[in-house]
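A look at the structure
Residue strings, one per chain:
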Amino acid sequence: MTPLAGAPRPAGHAIRSVRALIDQTLRPTLRIESVSAHDPIVVHHVPAPWRVLGCGNYAAVLTHPDHPELVVKVYAPGRTGFDAERMVYGRLGDHPSYSRCLHAEDGVLVLRRLHGVTLYDAVHQGLPIPERVIRDIDAALDHARARGLHPHDVHGRNVMMHDGRGLVVDVSDFLEEEDCTKWRDLRAAYFRVYRPVFMRLRLRVPYAALDLVRFGYRLFRRIVPRRS
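Since the model is a prediction, treat every value here as computed from it, not as a measurement. (Residues numbered from 1 in each chain as written. Predicted model: local features only at pLDDT ≥ 70, side-chain atom pairs only at ≥ 80, totals over all residues. Heavy atoms only, no water.)

1. Examining the sheet that holds strand S6 (residues 101-105)
Taken together, 5 strands build an open sheet; the order of strands is S3-S4-S5-S7-S6 and the sheet is antiparallel. Whereas interior strands pair on both sides, the edge strands pair on one side only; in this sheet they are strand S3 (51-55) and S6. Adjacent strand axes in the sheet meet at a mean angle of 25° when their direction is disregarded. Sheet topology note: the strand S4 (residues 59-63)/strand S5 (residues 70-75) ladder contains 4 bridges and is antiparallel. Counted as the bridge partner of alanine 60 is valine 74 from S5. The sheet strands contacting helix H2 (residues 82-92) are S5, S6 and strand S7 (108-112), and the helix crosses S7 at an angle near 30°. (Pairing = 2+ DSSP bridges. Helix = DSSP H or I, 4+ residues; strand = E, 2+ residues; numbered from the N terminus. Axes fitted to C-alpha atoms, helices over the stretch in contact; angles between N-to-C directions. Contact = heavy atoms within 4.5 Å.)

Laid out in structure tokens, this is it:
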């Protein structure tokens, strides 16, 4: 897989600049809180002109208009995972399907920004997901395993496509050794259901229906033992 077009490696001065902005304008007044380990964090205040791109259960991802090629991931107070994620990026190295950690300090990661649409949103919008996207993600997960990592929690909201290529967005749980079938199950659903039906008919699936599927899947996996 060749590097993504339009995603040059940020220069050293850009890293220094965004680090200064983090210390001077972001850290002093950013207020985020993790209310529950099972729900996205709550953002109480973001200093302008920083903008929140998304929230996970442990951290918020932000961007600054002066550095659109970078994102800053800030872990909520009291939440672990920062050291593990920094280690994961160190093992992954430079791979086109993953972001790259350019700086890490005191619960804050500076990452190369990945552009695209999640597979979850693609199904909602009726966008075709090429098979090459699935193959790219397969190759990316194999790369992680070859580096001694254990791909975990890889699902439709944690993988994206851009220009027909697959990307893995969240690697924070790649040190978990517990077996995870999420990508295996999603991959099977792609070939058995999505490609022959939804992709061919360009069906759009409401978020309410997608959330219902997610709830049903979680319930199913609580009942049916995971198989290696």
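2. As for empty space enclosed by the protein
Across all of its chains, the model carries 1 cavity of 30 Å³ or more by this definition. As for the largest cavity, its lining consists of Arg19, Ile22, Asp23, Arg27, His103, Glu105 and Val108. Sorting the residues of the lining of the largest cavity by element identifies helix H1 (12-26) and S6 as the ones contributing at least two each. In terms of residue count, H1 provides more of the lining of the largest cavity than any other element does, 3 residues in total. (1 Å grid on protein atoms, 1.4 Å probe; cavity = no way out; pocket = protein on both sides within 12 Å on 5 of 7 lines; lining within 4 Å. Points joined across faces, edges and corners; volume = space filled by probe spheres on them.)

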